[in-house]
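# Understanding the architecture of this molecule
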Amino acid sequence: MYFLIIMLGFLLAMRGAKPAPLQSPVEGLVRIGREATDLFLTASLILSLGATVLAFNEKLLFAQEYTVLGLGLAAYLLSRFQKKADVFFLAVVVIAFRVGSQQGDLWLRLSMAWAVCVGIAIFQACFLGLRYKLLFSDVPASMKGWPILCLLAGFISVVLWSLGSLVF
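Nothing here was measured: the structure is a model prediction, and the numbers come from that model. (Residues numbered from 1 in each chain as written. Predicted model: local features only at pLDDT ≥ 70, side-chain atom pairs only at ≥ 80, totals over all residues. Heavy atoms only, no water.)

This brings us to the pattern of salt bridges. For the structure shown, the criterion picks out one salt bridge. Of the charged contacts, one joins Glu-35 and Arg-31 as a salt bridge, the two residues approaching to 3.6 Å between their closest N and O atoms. A residue pair is termed a helical-turn pair when its members lie 3 or 4 positions apart in one helix, as Glu-35 and Arg-31 do in helix α2 (residues 25-55) at four residues. (Salt bridge = Lys/Arg side-chain N within 4 Å of Asp/Glu carboxyl O. Helix = DSSP H or I, 4+ residues; strand = E, 2+ residues; numbered from the N terminus.)

As structure tokens, this is what we get:
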């Protein structure tokens, strides 16, 4: 689950919806909170639909074979309805597939999805804060590109890795 949090957190932070340079960190944190809540609600809806379809597995023979395709289609339609980016669709499908493949009941799967979404939100908040601090620091302009952003993401991932063993 740790690599899922880091990968999706970095993709969602760098997906192209860049914050304005003078956007306050509080506005960014509110946006991250809304997106994490939306990600959790969409993933939990997909997980609930998957549990409902698999509950009728004896009656519907095609349910097990086309579960991933059906859940992917439902996630795609939900993301298009919400006018979200394609990375959001990818994140919902990956979270639903990875958490849905875990053994356990629906409540355990929903709690794991919640933990992943909170981890993604923490990663994005740390990344936003460090990016904001880097923007107004005395770092030369040539050092404010992709290498530094990847280095920041690496530092955040090491910190979250040490905390991830406590959760997962």
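A word on the packing of α2 against helix α4 (residues 86-100). Packing of α2 against α4 brings their axes to within 9 Å, and their N-to-C directions diverge by 50°. Overall, the two elements α2 and α4 adopt an arrangement that is oblique. Crossing handedness for the pair α2 and α4: right-handed. Residues Asp-38, Leu-39, Thr-42, Ala-43, Ile-46 and Leu-47 of α2 form the contact with α4, whose own contacting residues are Phe-88, Ala-91, Val-92, Ile-95, Ala-96, Val-99 and Gly-100. Here the contact of α2 with α4 is composed, by residue class, of 10 nonpolar, two polar and one charged. (Axes fitted to C-alpha atoms, helices over the stretch in contact; angles between N-to-C directions. Parallel < 35°, antiparallel > 145°, perpendicular 65-115°, else oblique. Left-handed = near helix turned anticlockwise from the far one by under 90°. Contact = heavy atoms within 4.5 Å. Nonpolar A, V, L, I, M, F, W, Y, C, P; charged D, E, K, R; others polar.)

For the rest of this paragraph, the subject is the nonpolar core. Grouped together as the largest cluster of nonpolar side chains are 23 residues, with contacts concentrated most on Leu-39, Ile-95, Val-116 and Ile-120. Mapped by element, the contributors of at least two residues to this core are α1 (2-13), α2, α3 (67-81), α4 and α5 (106-135). Element by element, the count of residues in this core is highest for α4, at six residues. Setting aside residues no more than four positions away along its own chain, Leu-39 makes contact with Leu-12, Phe-88, Ala-91, Val-92, Ile-95, Cys-117 and Ile-120. Among the nonpolar cores identified, the runner-up in size contains 14 residues, and Tyr-2, Phe-10, Leu-134 and Leu-152 belong to it. (Core = buried A, V, L, I, M, F, W, Y, C linked by side-chain atoms within 4.5 Å. Buried < 20%, exposed > 50% of the residue type's maximum accessible area, 1.4 Å probe, protein only.)

Below, the discussion takes up the packing of aromatic side chains. This model, assessed by the stated rule, comprises two aromatic pairs. Plain terms: the ring middles of Tyr-76 and Phe-89 are 5.5 Å apart, the flat faces sit at 80° to each other, and that makes the pair edge-to-face. Remark: Phe-89 occurs in helix α4 and Tyr-76 occurs in helix α3; sequence separation between them is 13 residues. Here Tyr-76 falls in the partly exposed class, since its relative accessible area comes to 35%. Taken together, a centroid distance of 6.0 Å and an interplanar angle of 10° make the contact between Phe-123 and Phe-127 stacked. Here Phe-123 pairs with Phe-127, and both are found in helix α5, just four residues apart, close to one helical turn. Of the two residues examined, Phe-123 and Phe-127, each falls in the buried class. (Phe/Tyr/Trp six-rings, centres within 6.5 Å; stacked < 30°, edge-to-face > 60°.)

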